[in-house]
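Here is how the chains run, residue by residue.
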Amino acid sequence: MPELQLLRLDHAPALLAFEQENRAYFAASIPDRGDAYFTGFGERHADLLAEQATGLCYFHVLVNGDGGTTNEVVGRVNLVDVADGSAELGYRIAEKAAGKGLATDAVRRICVLAAETYGLTELRAKTTDDNTASRAVLERTGFVTTGRIELTGRPGTTYIRTLS
């Protein structure tokens, strides 16, 4: 399984390649990031690292490789809006790595990390109802439905998981 790493400055080239290679794949199920995301990627990456340094967010990448500079990012797993022992979970997996249990494994690992390293007691998540893969990952990893929501004009579901 790929290694789950806290986002660092040197991840930028591999992360940009991941986002570019999977842009159309991601846009099929979640809103596209837009061209500005890619043209201003370096500045945005630095901003994310600055935000992470405050403890308000924890950004992670799933990395295949040998630990050197040629590592390939195959996924992202983020904890955002950290406050009062809670955070919102978000994740995305490369198209070529989808359907192999990677998202389920990554969410399980981030739940442990969130509790043991970041001191969180619960995670929240949301997804559109037509994103069956994401819904299945959340349900397999112990998230329970908490309500209904509209996401980018589509019906969705909110979830929560208590961490122990």
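Refer to the preceding data block for the structure.
Residues numbered from 1 in each chain as written. Predicted model: local features only at pLDDT ≥ 70, side-chain atom pairs only at ≥ 80, totals over all residues. Heavy atoms only, no water.

Caption draft 1: Focus on a negative patch on the surface. The grouping of Glu-43, Asp-47, Glu-51 and Asp-81 at the surface amounts to a negative patch. Considering each element in turn, the negative patch owes the most residues, three residues, to helix α4 (residues 41-53). Turning to its location among the elements, Asp-81 is positioned in strand β3 (residues 72-83). Residue classification places Asp-81 among the exposed positions, given a relative accessible area of 52%. (Patch = residues over 30% accessible without salt bridge, like charges linked within 9 Å, V, L, I, M, F, W, Y side chains within 5 Å. Areas by Shrake-Rupley, 256 points an atom, 1.4 Å probe, with all protein chains shown as cover. Salt bridge = Lys/Arg side-chain N within 4 Å of Asp/Glu carboxyl O. Lys, Arg positive; Asp, Glu negative; His and termini not counted. Charge placed at Lys NZ, Arg CZ, Asp CG, Glu CD. Helix = DSSP H or I, 4+ residues; strand = E, 2+ residues; numbered from the N terminus. Buried < 20%, exposed > 50% of the residue type's maximum accessible area, 1.4 Å probe, protein only.)

Caption draft 2: Highlighting the pattern of salt bridges. Applying the stated criterion across every chain yields a total of 10 salt bridges. Between Arg-92 and Glu-19 there is a salt bridge; the shortest N-O distance is 3.0 Å. With Arg-92 in strand β4 (residues 86-93) and Glu-19 in helix α1 (residues 12-21), the pair connects residues that are 73 residues apart, well separated along the chain. Of the two residues, Arg-92 and Glu-19, both sit in the buried class. Residue Asp-35 is joined to Arg-23 by a salt bridge in which the shortest nitrogen-to-oxygen separation is 2.9 Å. Of this pair, Asp-35 sits in helix α3 (residues 35-39) while Arg-23 sits in helix α2 (residues 23-27), and the two are 12 residues apart along the sequence. Taking relative accessible area as the criterion, Asp-35 reaches 54% and is therefore assigned exposed. Here the salt bridges do not stand alone but share partners, grouping Glu-19, Arg-33, Arg-76 and Arg-92 into one network.

Caption draft 3: Region of interest: the environment of Gly-142. The topology assignment puts Gly-142 in the loop between α6 (132-140) and β6 (144-151). Setting aside anything within four residues of it in sequence, one finds Gly-142 in contact with Ile-160 and Arg-161. (Contact = heavy atoms within 4.5 Å.)

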